[in-house]
Amino acid sequence: MSTRIRPTLTFLLLLLVLASATPAARPRFRREESPGLLSKVQSHIFDYWESAKAKAHELYEKVQIPRVDENIRHVYDKGSEAMTTYTGILTDQIFHMLKGEQ
């Protein structure tokens, strides 16, 4: 694989893992009884997302490279560690802004 494709593939696989690991974070589209233009567009986008996700999962199952799995886990661990740290800092800042000094 070329060096340009490998990070892209790793990124797509990371997105697939995150999307399947957090089902509550995915947007849910409501389908209306009388389909208007917006509901048709939403339906097409939802169908496209599902087919892209299925193809990415199929590709991931076909490839199954242990090194890529390790890289995905490493990136996920580092990213979640950073998000936890920055969320704590942000929460602390908001708390002190709202509470003030006493």
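An unreviewed UniProt entry lists the protein chain under the name Apolipoprotein C-II, from Phascolarctos cinereus. The annotation that UniProt attaches to the protein chain under Sequence similarities (unreviewed entry) is "Belongs to the apolipoprotein C2 family." UniProt lists a comment for the protein chain under the heading Subcellular location (unreviewed entry), and it reads "Secreted".

1. Structural notes on the overall build of the protein chain
Secondary structure summary: the protein chain contains three helices and zero strands in total. Listing the helices and strands of the protein chain from first to last along the sequence gives α-α-α. Within the protein chain, the fraction of its 102 residues that count as buried is 14%. Of the roughly 8900 Å² of accessible surface on the protein chain, 62% is carried by carbon and sulfur atoms.

2. Some details on helix 3 (residues 66-99)
Helix length check: helix 3, at 34 residues, gives a terminal C-alpha distance of 49 Å against a target of 50 Å (1.5 Å per residue), a fit within 8%. Taken as a whole, helix 3 has its buried residues at Val68, Asp69 and Ile72. Positive backbone phi, approximately 75°, marks glycine 100, located one or two places after helix 3.

3. Concerning the layout of surface pockets
Looking at the largest pocket, its volume works out to about 240 Å³. As for the largest pocket, its lining consists of 12 residues, of which Leu12, Leu16, Ala52, Lys53 and Ala56 are closest to the centre. Here the residues of the lining of the largest pocket are counted per class, giving 11 nonpolar, no polar and one charged.

Reading the values: rules and limits
- Residues numbered from 1 in each chain as written.
- Predicted model: local features only at pLDDT ≥ 70, side-chain atom pairs only at ≥ 80, totals over all residues.
- Heavy atoms only, no water.
- UniProt positions renumbered as here; feature names shortened; annotations may be inferred.
- Helix = DSSP H or I, 4+ residues; strand = E, 2+ residues; numbered from the N terminus.
- Buried < 20%, exposed > 50% of the residue type's maximum accessible area, 1.4 Å probe, protein only.
- Areas by Shrake-Rupley, 256 points an atom, 1.4 Å probe, with all protein chains shown as cover.
- Expected span 1.5 Å × (residues − 1).
- 1 Å grid on protein atoms, 1.4 Å probe; cavity = no way out; pocket = protein on both sides within 12 Å on 5 of 7 lines; lining within 4 Å.
- Points joined across faces, edges and corners; volume = space filled by probe spheres on them.
- Nonpolar A, V, L, I, M, F, W, Y, C, P; charged D, E, K, R; others polar.

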